[in-house]
Structures are given as C-alpha cells and as structure tokens.
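# Structural description and commentary
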Amino acid sequence: MAEKHVYRFGVGADGVDATELAGETVDVSKWIVGGKGANLAEMARIGLPVPPGFSITCQTCVAYSTSDNTWPAGVLDEIDAARVDLEGRMGKQLGDPTDPLLVSVRSGAPFSMPGMMDTVLNLGLNDVSVHGIIEQTGNARFGWDSYRRFIQMFSGVVMGVDGQLFEDAINAKKAEVGVKLDTELSADDLEDLAQTFKQIFAVNVDSHAHPEVTVDGRAEFPQDPKLQLRLSIEAVFGSWMNERAIIYRKQNKISDELGTAVNVQVMVFGNKGDTSATGVAFTRNPADGTKEFYGDFLVNAQGEDVVAGIRNTEPIADLKHVEGLEEAGKQLDEIFLTLEEHYRDMMDIEFTIEQGKLWMLQTRVGKRTAMAALAIAMQFEKEGRISKEQAVMRVAPSQLDQLLHPQFDPKADFKVLTKGMNASPGAAVGQIVFSADDAVHCANKDQPCILVRWETTPDDLKGMVAAEGILTSHGGKTSHAAVIARGMGAPCVCGAEALRIDARNKEVAVSGTDVVLHEGDVISINGTTGDVILGAVTLTRPELTGDLETILEWADAVRVDASRGRNIGVRANADNPADAKLSRDFGAEGIGLDRTEHMFLGDRKEIIQSFILADEPGAKQQALGQLLKVQTEDFLGMFEAMDGKAVIVRLLDPPLHEFLDDPRAYAIDLAHAEDRGESRIQLKARRDMLARLDSFQEVNPMLGLRGCRLGIVYPELTEMQVRAIAGAAAQLKKRGLNPKPEIMVPLVSTVEELKVVREQIGDVIEGVCEQTGVELSIPVGCMIEIPRAAVTADEIGEYADFFSFGTNDLTQMGFGFSRDDVESAFIPLYLSKKILKANPFETLDAGVAKLVKLGVEGGHEANDKIVCGVCGETGGDPDSIQMYYDLGLDYVSCSPYRVPIARLAAAQAKIVSNGGAKKRA
Ligand code: PEP
Ligand code: MG
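As annotated in an unreviewed UniProt entry, the protein is Pyruvate, phosphate dikinase from Thermophilibacter immobilis. As recorded by UniProt, the Sequence similarities (unreviewed entry) comment attached to the protein reads in full: "Belongs to the PEP-utilizing enzyme family." Recorded in UniProt under Catalytic activity (unreviewed entry), the annotation for the protein is "pyruvate + phosphate + ATP = phosphoenolpyruvate + AMP + diphosphate + H(+)".

## Focus on the site of ligand 1
Around ligand 1 sit 13 residues, and of these Arg 595, Arg 650, Gly 806, Asn 808 and Asp 809 come closest. Between ligand 1 and Arg 650 there is a distance of 2.8 Å, counted from an oxygen atom to a side-chain nitrogen or oxygen. Asn 808 places a main-chain nitrogen or oxygen 2.7 Å from an oxygen atom of ligand 1. When isolated, ligand 1 has an accessible area of 290 Å², and the protein chains bury 88% of it. At a threshold of 2 Å from the grid points, most atoms of ligand 1 map onto the second largest pocket. Those elements that place two or more of their residues in the shell around ligand 1 are β29 (590-595) and α29 (807-815). If you tally residues by element for the shell around ligand 1, the top one is α29, at three residues. Each residue belonging to the shell around ligand 1 can be placed in one class, and the counts come to three nonpolar, four polar and six charged. The two domains that each donate at least three residues to the shell around ligand 1 are domain 5 (576-653 + 709-742 + 756-778) and domain 6 (782-913).

## A look at the environment of Asp 879
With respect to the helices and strands, the residue Asp 879 is situated in helix α33 (residues 878-887). For the pair Asp 879 and Pro 397, spaced 482 residues apart in sequence, the C-alpha to C-alpha distance is 9.7 Å. Residues in contact with Asp 879, not counting those within four places in the same chain, are Lys 253 and Thr 843.

## Some thoughts on the layout of surface pockets
Reported here for the second largest pocket is a volume of approximately 710 Å³. Contributing to the lining of the second largest pocket are 27 residues, with Glu 658, Arg 706, Asp 809, Gln 812 and Asp 820 lying nearest its centre. Sorting the residues of the lining of the second largest pocket by element identifies β29, α29 and α30 (819-825) as the ones contributing at least two each. Grouping the amino acids of the lining of the second largest pocket by side-chain chemistry returns nine nonpolar, seven polar and eleven charged. No fewer than three residues from each of domain 5 (576-653 + 709-742 + 756-778) and domain 6 (782-913) sit in the lining of the second largest pocket.

About the criteria used
Residues numbered from 1 in each chain as written. Chains lettered and ligands numbered in written order. Predicted model: local features only at pLDDT ≥ 70, side-chain atom pairs only at ≥ 80, totals over all residues. Heavy atoms only, no water. UniProt positions renumbered as here; feature names shortened; annotations may be inferred. Near = heavy atom within 4 Å. Polar contact = N/O pair within 3.5 Å; in protein donor to acceptor, adjacent residues only side chain to side chain. Areas by Shrake-Rupley, 256 points an atom, 1.4 Å probe, with all protein chains shown as cover. 1 Å grid on protein atoms, 1.4 Å probe; cavity = no way out; pocket = protein on both sides within 12 Å on 5 of 7 lines; lining within 4 Å. Sits in = over half its atoms within 2 Å of the grid points. Helix = DSSP H or I, 4+ residues; strand = E, 2+ residues; numbered from the N terminus. Nonpolar A, V, L, I, M, F, W, Y, C, P; charged D, E, K, R; others polar. Domains from an automatic or database assignment. Contact = heavy atoms within 4.5 Å. Points joined across faces, edges and corners; volume = space filled by probe spheres on them.

Take a look at the structure:
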C-alpha cells in the first residue's frame, strides 16, 4: 500500500466522525501524526468535542526537509483532497466571500516541544472573505482583528518579517486615536491596521526570494487560501529546524531525525465576546501534584494571550462561576475526569469556548515537576488505576535530580522582598541578569545567575538553561516561563507583580518599597513558595523522605525480586566517611570506588610529597609511616560508615607529579632567588629540587606512570595502602564490626601486572592477619579501563575476584580522546555535526559498550563467580544504566547524589528488559 501522508480527525458539521487513527494507540500513532495529532484523534474517538481537521505526518516533514524542501510526489494532492473533504464536512470553504472556513496550522512532534515551533491561525482570510466573517458574526471588529492577526502571523512565521514592525504599527495607531489598549481599537482602526500590515508585507518580503507571492515584481499578501495553506505548512515544517527547537531537543535528548507533523484544524474562537473564553489547564497540579484542577483562562481572548502572559489570567476553578460559561465550565470538569480515566495519567489541556460551546484543542500527558511526578504516580496507584511497577515507570530518573536540588535552609533567617507564584519548585541564588545572553555569559564564567524577565519567550531558552532560576513579573502558572522551567527542573517564580523591570537600563524596582536592584545584585528565589529575597539565602540539600522514599522502595522491591529477572545493584563512588554516610542514606549498597588519591590532598599533600621527593631511604620510610597512619584512620572511617557493606578501595592511580608543585612556578622562584643573590648552597638545593620535580613530569600523563604501574615501580606504596586497609579492617573486626573491604588494582593492561600486584597484596594481608590474629578475607579485583584489558579479560579474570569498568578511561582510550582536552574543544561541534549522538563521557558509547561486553564475557569465561560493576561517570546515567543492565553487569556505582537516580533507573531498566512497561518519553 502506498504511504499515507494525511490522516483526518473529528466530527464535522454533518455530524459524521471522520477520524482515521494512525495507529492503534496514541503511543504508536504519535510517531506518525505527532503527539498533538494522535491525541486529537484519540479525543475525537472517545467522543470529546474536537474541532475537525487533518494531520500531515512527521515522515512527510522528514522527506520534505531532507530533499531540500521539495514535496514528495502526490502529497500535495493528498493534502488538497483532505482540505476539500474538510470543507465538505463543514459545509464551508476557505476564502468563501459569504461564510468562509478558517483553519489553524500547528506543529506537533512525537514529543511535545511547547512553544518551540510555529503556528499560523485564522488561515483562509483574505480581502474578500473577511467580509464574510463580518457578515456571519455581525461583528466587524472581530473580523478585522482576525484578519490583521492573520497577516501579522503569516508575515512573521512564513515570510520571516520582523514582528516589531507590526507592533510599532499598532502602537502608532493607538497613539493616533488616543487609546492605551489594543482592545480599545475600533473596527475601523483594525481595518486600517490590516491595510498597513499588508503594506509592511509588500515592503519587507523579498519578492525574488518568494516568487510565489510576487505579483508584477512586488510582494503581495497572498489572497489564495490554498497558497496560504501550502506556504504555512512548509513554514511549520521549517520550524522543526529553528534554533530554539534545536536547543530544546538537545536539552531534552529528542532526536533531530523525528520531524514534526502539521495539524490543520477548523478554527474556533475564544474572542467572540463575553461567552467566549480560552484556557490551558492540567487535571492535577503539575508543580506539586495536588489533586485539583489547575490552570488559567481568559474571557474573550485567543489562546496565545494566555500563554504569552499578556493579560493576567483567572484560575480555572472560577470558570464555572462566570456568567454565560457555567455549562462549558461544568463540562470541562467532566472532561478532566474522562481524560484521566482514559489515559490513566495527569493530562494537560488546551480548550476554547466559542459562544458558550466548549472545544478541546489539545491534550497530552502533562509535564510535571519531579515532586508532582512522584505524588501523582502514588495517587494513581492508590486510586487503583496503575500498578506499583507502572508507578515506578512514571517518574523519569533524571528528574529526581530536581528533588536533590537545593532548598532554602529551614534555619535560614531572611526577609521576603516580594512574592510571585510558585511555578517550579526548588531554590536558587544568583546575581540578577536581564537577558538570555547575559545569563549565558554569567554561566560561562561559572557565576550563578537568576534570569529576571517581564515574561520569557522561546528565544530566552538558552538563558533559562544557563540560569540557576527564573523570575518573571508577569504571566500565570501556565505561562512560558513556568512551563519551561518545570520541564527543565529549574526553580521559577513567576508573575511577581511588584517588580517593575527596566531591562534596557538593567534595573528593577520593587513597588511598595524603595528597593531598586541592578544587574549583578544577588537575590534568592524559592520556586516552592514564590518568595523573592534580597541577598543570598543559605541552601541545603533535602533528604529522601515522603513520596520519593516510597517510590524508591517500590523500585528496590522490583530490583530484588528474583522472579522478575536479574538484579542490578547500586553503589557509590565516595572517598571520605561523610560522603560514604550520605550515599548510604541515599540507599547505596556499598562503595564501588574509593579513589584513595583523594585522601592525599590538603595537609596530606606534604607527606606524599616528602615520600616522592625524599632522596634518602630514611626520609622515605618516615613519610610512608605517616601515610600508613593517616590512611589507616581514613579506612577506619570509611569501613565504619559502611559497616556490613562492600567498600572497594582502589590503590593509588594518578601519576605522581599530580601531587607535586608545578616546576614552572618553581623555576620562577629559583630565578628570583638567583636575583636576590641567595647563597650557593641554598641555590644548589633549589636547583636539585627543580631537577627532581622535572624528573616526574610526563608528556602524556594519561598514558604514563600511573595506575598499577605506580605500585609496581614503587611497591612500598602498595604495601603501605594494603597494610592500612587490612589493618583498619582487623581493628574494626576486633571491635565487633563487620568491615568488608575489597582491593582494586587500577589501570591494568596485562594479566602479568595483576599477577604481580595481587601476589604482593596477598602477602601483605597475610602478614596483617598474622600480626593481629584476625582472620581477613579481602577480595582483590581490578579496573577494566584500558582496551587491552577488556579484550584480554579472559586472561585477567583468572586473577580477579571482580572487575570494575572504568568508562572514563575506557572512553578516553577507546576513542583516543583525552577528556580534559576534548570536552570543550570539539565535543560540542561533534554533537552539532552529529558525528557523535551523545557525549560519550556522559552516556555510554555503543563502541565502548562493545569493549565492556568483551570484558564481561571474558571475565565470566575465566571466572564464573566474577562480580562485574562500573564506576565511571556513566554509572549514574539512566540511559547508560539500561545498557549496563543489558550487558549483564552486577552493579553500577556513581556519585552519592546520583544514587537515588540510579536506583530508580536500575529498576526501570529491569522492568523494560524483562518485557514490562515501555520507558516513558
Ligand atoms: C574511570 O576511568 O572510569 C575511573 C572511574 O577512574 P578515574 O576516573 O579515577 O580515572
Ligand atoms: Mg580511570
């Protein structure tokens, strides 16, 4: 069968439902007609009032865009047939001089990308049909307002004319007739404006670039509705690749390859008088999950007026109390319940009431904060609508990061400067900036900032990403700022009406006070309460309690349930008792990586330096003795904090020069000393020291004297560390505790290295056992972080009780990229050129995954009891965790704050891989 490019939906004026589903479920059809198209069809199918229309598929967008914006054969005919069919069903035609049909043209990708792509409304109006609308509605003002809006939108979206030109013309008109508000302009004024707008079109559209709208060498606003429609569809397709859409997709890990569908739908009007209205709503509170209808509406307005925050909106709960809207308001409440029952989730809705009649313009699974996601998943489970397993699948692990974000310290003392709406929870502190560019600039300098705007627009996205938090003076809880901030997990306070923002002069006055703040002044915002505070409030990390704790318990129950498949454990990377305790509180089942080099910082640095630089054995021995003492204390703390749980201690890994002073700085000191004329003896000592410092420098330290090579060259270091580990374990055992250290050898490349080091480790442990009289059984394993080790894992595994995949090094060496050098130098370029799909240091690369696979298989071949884990950065990344589950790893290990995220991701990986629910978008 030939590919179908257009799908119809909705009941026409003839009462016939023409809905054609693109797939059996929304989850299937959204890939074809996008989320909006799939849900419009679904709403129509379950009998909800949806203005009829048709959707052009995402695949058409991809085919059109990838063939240099040419239409695939036959598609324009299919669209034309759908238009003719729609006109037939409505008994009206686009452009008709007496009773014209008007349509909207909207984008709709498989994943919602709110406000990122383009829309054209009121399409079908022209110089003639505007009179038809006026005649039908008996409302000249409405007719001319609709036409001037259409010209404005079409010019901007389709032809790229600067929107400010139209705003300037509106302002000039208001000044001319002496009014303040757009709503005060008369029908005649708006008719004049429509003419002016057409002039703006004629002057600003390049007739050479747009021959299709050129008449006698001059651009002319197109009067043919079929041409209006084709050009608008092309523009919406084109908006898939606009800058903000690309940024949004990158941020939300949405593939550029999907394309957007286009929905052409009969227009309904919320601006036809006081019995008309428009609004956006959620079936539950998307900020905190409270079970309540949540959203805003505006009487006598068009949809974009709500989202744009131009007029302050009214709460949705009041809708059914507005005269003339009572019935529609009650029907909407019922529809909320129907939608929740049907989709078994919290839904987000756009609706319009046209002269008392309710129309549903959109629904989708509502975006929510992590707090709300947890609360809603729990409520739905309690209401018996979803299982615990489904509840676990409902929360995106990466979202949990929001909850682990800072909050105001409950003990902090502060005075609230002003209040806005609590649009997106969490707290932020930073200096005020007034533009997206300035926010990016601050972030590049590592300076936390708060983006302060009258209201945000899609063009502010990069600044919203860069800022710690967002504060606006206008707009409701469904305004652009609120929706985007919630999606990103950024704290947001919106609609703080006391703020008088003067972005041009970079200052904001707070009415009712004499406070005037300037760019760079530090403020704090609390998106959970709506508070705005002058100065920096101390922030704290929250604890795992309430809904989060419960969902994680459910996730853990799934993980350990042997009847549902293999478990994957979660450990933490920690190297001090405080972090070990924190990770334990967050549910870590052990320490997967204790980087002992981190124990040699601060005042320890001098001791290791004196070991490295000592030129006679006595001094070296003395330094080792001191190190043994402090390391033993370190391990006592670590093992005690993790009593009863495995602690993998990795022997020293970095090249020794990392502990030493920079020889260049030392050379400068030497030159100064020479200038000062220091004594010959003193200068000789300095020169000797410089020579020694130089002798530790390496051209490529990543590949140099580090890892197990260090322990082979300096066996006394290994001996000291193993003695400290075993000694600490013996002491704790004597105290009745249950320490479970394991010793990990870093950067092994050949089995011979492991053999040598392992033998030495065994001897030292034996010695400690003899000395202390305590029986110790300490597993010894190694990191697999060099490609050679991965491919010879079948040999290495014979001498290892466990493998831990170090994907930081494995990625560096697998790719031949040095992380520190490439991450800023060219990875962003590689991502934008799609040479890489994701940053391989964040998400396990498929090629590196093959090395891990070889390593796991080889290890098991050699030793069927071998335990395999991962301790590189990717161990805390939800997408990578899915891959690790499928690769057969026994656990992942990540930083303490990622432990809750990893617990949830690990449970979801298990559910997905064992045929349970699919992962949610
Ligand atoms: C690794 O290489 O993945 C690893 C955990 O070691 P480090 O980051 O300390 O080199
Ligand atoms: Mg490493």
